[in-house]
Amino acid sequence: MTDYLVRLNPEQREAVETIDGPVLVLAGAGTGKTRVLTTRFAHILLTKRAFPNQVLAVTFTNKAAREMRERVAAILGSPAEGLWLGTFHALCARMLRRHAPLVGLTSSFSILDSDDQIRLLKQVMQAAGLDAKRWAPPAMMGIIQRWKDRGLASGSVPPNEDTDFANGQAKEIYAAYQSRLKAVNAADFGDLLLHVTEILRGHPDVLEQYHRMFRYILVDEYQDTNVVQYLWLRLLAQRSRNICCVGDDDQSIYSWRGAEVENILRFEHDFPGAKIVRLEANYRSTAPILAVAAGLIANNEGRLGKTLRPGRTDATGEKVSVVGLWDSDEEARMVGDRAEGLRRDGNSLAEMAILVRTGAQTRAFEERMMTLGIPYKVVGGLRFYERAEIRDAIAYVRLVNQPADDLAFERIVNVPRRGVGEQALRSIHVRARELGVPLLDAAAALIAQGELRGRVKEGVGALLQGFSRWREILSRDGHQVMLATLLDECGYTDMWKQDKSPEAPGRLENLKELVRALADFDTLAGFLEHVSLVMENEENSQGERISLMTLHAAKGLEFDTVFLPGWEEGLFPSQRTMDESGAKGLEEERRLAYVGLTRARRLAIVSHAANRRIYANWQTSIPSRFIEELPDEHVERIGSAAMQRDRMITAPSVFSNGFGGQFPLVARRPKVIESWEQPGRPARPSTIPVGARVFHQKFGYGTVTATQDDRLDIAFDKAGDKRVLDRFVEAATV
DNA sequence: AGTGGGACGCTTTTT
DNA sequence: GCGTCCCACT
């Protein structure tokens, strides 16, 4: 009956069994945080303290929510239905649909994606006469979002805030943006939290309802909450005070997105009498990795204090490697070769990851993996629902669902081309404003009155007729048939069939996938909610692949081997972060490094290059200060940081560069380690001849200019000259 | 209205 | 180095 408790260590057990009153669980990396959270959830249900729908469980990502749902179900032995378990945004969307009229929306409001947000804001800024070059709409969006993160509605931004941006009109822009959102019956991501918090604050009866419902509250990743999320939680928890927050102040890496570490640091103050439980036994990493991570993070101030200790008796292991290299190419080669070597020794590629500071760094590694023929996956890049063709298709669906969705109308009215240019669109806008109707109806009115002519009339007329037909099909044959018909009839599929670009076939494939995905939903509205809130990849073709991702994307994951390249001043810690946020920014960068190190179970390989290409030109850099902070006794330095620093900074005159030793010298290639160059793969002549037209997944179409065994030199039409393995290309059909 | 070329700016990111 | 945006040309 309670065997699920026996599997916990004493501190985990305390975190699970302290059910009543506020609890803060400080859970270091790899200490069984998720296990505690899910077991606690199950424990509440199994001890009959609450029904499943009386527990509110909040996560940041859909992935974490899904995982918790599955694990709770596993402990309960049955699928957990009717739970209030989800991301902050999903839960708030659900609440807001119930009370939308209280903030001037209807319950069918649309949730805008970032494209829509920017487009809407751009219109608002244009109307205010702001030069988009001087004041970038995305920057303005950032300011508005930070305000929303702090729980500030457009009327309550303090007078002394951000008066210089947008000629001091920032607050007016914010207000205008909000009224446009209301006019098109839409909410952006920030609104979901902000609106619900306002409702809970201003309507005691509604708050009362939720107080009666939620007897226990569980919060994951508490260190990442922003002010509005904190306010929302505090409102909901103020009656029962049964709130359990799990987090790790050392892994707070989202302050630039509005997260406030202070929330976790202040927990005891906010919830007097709170019980603090520390989870410090790490079951993930070897002792040297833990020691190195601990040594690094000890350089931060203002921590709640927590020391990871090895939780396994077999936690001995290799030292952390720190490798100094000449340039970023050599770094990519080192990583590729070591990955290949590990694979030869029987290690799975799925258990290796390359974690970088910025997304742009992945490219060099991608190319290297391709050359070596090592399968890889980039985690996080463009997500399925962010692809242009998917957004277009969804805009059509949104219009079927809600004819008043003006943003969707604007997106697709001329996609595929229907001859609707700036002029035509403007007259539709004018008419819409005159009549006080949505753009779709305004367009119909213009056609009825013969004010649109020729191609435009034909095109838009057919589109409008299409919408009434597609709505019929929807009610008769269901949403899947409707979307398939719609995409064919509106000309969208044909548009991509006629497109000769290398991406077009993939886009058609994605559209098919979208139609297929529709089958998983009972209603069109349910599907749209999912699309708005779950911006994630379809399970990234799993299997035997090395993972490439940013450090941010790696939080919560773990691998046997972790490569941590690019530990150089300016890149990591990021100069930009230090400029913008000073000492606090530096500490956050250090936490990011800590997150990176603690992802590794057995092997962590840190590296830094003396020269790196940034944008178009080469830049010389010195090793990251974080490298010096790693405790020596657990680190093996190869091509040591100190040596490189000497050579480049303090003794440049050793080499003559013709500039009087004025520049950091980068004259010769110090061959630090010979063994990276692995013996080649067995040579095998390629079957593809010089001159052949070929197609490559990433680079598109090209012509073979030379071959050497199974390596091909190819002049790609778009991507330029590359050398790739022949198995990565196929004969082109055109 | 649609296309193509050049200038520009940007690279934490999740919902 | 690449994608986006704007403008000039067709």
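Further up the page is the structure itself.
Reading the values: rules and limits
- Residues numbered from 1 in each chain as written.
- Chains lettered and ligands numbered in written order.
- Predicted model: local features only at pLDDT ≥ 70, side-chain atom pairs only at ≥ 80, totals over all residues.
- Heavy atoms only, no water.
- Helix = DSSP H or I, 4+ residues; strand = E, 2+ residues; numbered from the N terminus.
- Buried < 20%, exposed > 50% of the residue type's maximum accessible area, 1.4 Å probe, protein only.
- Contact = heavy atoms within 4.5 Å.
- Areas by Shrake-Rupley, 256 points an atom, 1.4 Å probe, with all protein chains shown as cover.
- Near = heavy atom within 4 Å.
- Polar contact = N/O pair within 3.5 Å; in protein donor to acceptor, adjacent residues only side chain to side chain.
- Nonpolar A, V, L, I, M, F, W, Y, C, P; charged D, E, K, R; others polar.
- Salt bridge = Lys/Arg side-chain N within 4 Å of Asp/Glu carboxyl O.

A.B. asks: Help me understand the overall build of chain A, please; the structure alone is not making it clear to me.
C.D. replies: Helix and strand counts for chain A stand at 29 helices and 23 strands. Expressed as a percentage of the 734 residues in chain A, the buried residues total 53%. Summarising the internal contacts of chain A: among those between residues at least 6 apart in sequence, 75% fall at separations of at least 24. Accessible surface for chain A amounts to roughly 32,500 Å². Of this, 50% is attributable to carbon and sulfur atoms.

A.B. asks: What am I meant to see in the protein's contact with DNA strand B here?
C.D. replies: Surrounding DNA strand B, one finds 30 residues, the nearest of these being Trp256, Arg257, Ala360, Gly421 and Thr550. Measuring from a base oxygen of DNA strand B, one finds a side-chain N or O atom of arginine 357 at 3.1 Å. Glycine 421 places a main-chain nitrogen or oxygen 2.3 Å from a phosphate oxygen of DNA strand B. For the surface near DNA strand B, the secondary structure elements donating two or more residues are α19 (422-435), α26 (551-554) and α27 (575-597). When residues in the surface near DNA strand B are grouped by element, the largest group, 3 residues, is from α27. Along the lines of polarity and charge, the residues of the surface near DNA strand B split into 9 nonpolar, 13 polar and 8 charged.

A.B. asks: Explain the pattern of salt bridges here, please?
C.D. replies: A side chain with one charge can pair with a side chain of the opposite charge if their charged atoms come near. Using the criterion set out here, one finds 48 salt bridges in the structure. Residues aspartate 115 and arginine 391 are paired through a salt bridge, measuring 3.0 Å at the closest nitrogen-oxygen approach. Within this pair, whereas aspartate 115 is found in helix α6 (residues 114-127), its partner arginine 391 is found in helix α17 (residues 388-401), the two being separated by 276 residues in sequence. For the salt bridge of glutamate 351 with arginine 601, the shortest nitrogen-to-oxygen distance reads 2.7 Å. Here the residue glutamate 351 occupies a position in the loop between α15 (328-344) and β12 (352-356), and arginine 601 occupies one in strand β16 (residues 600-614), the gap between them amounting to 250 residues. Residue class for glutamate 351 comes out partly exposed when judged on its relative accessible area of 24%. Connected via shared salt-bridge partners are Arg284, Glu351, Glu558, Asp560, Arg601 and Arg602.

All quantities given are derived from atomic positions and should not be read as evidence of function.
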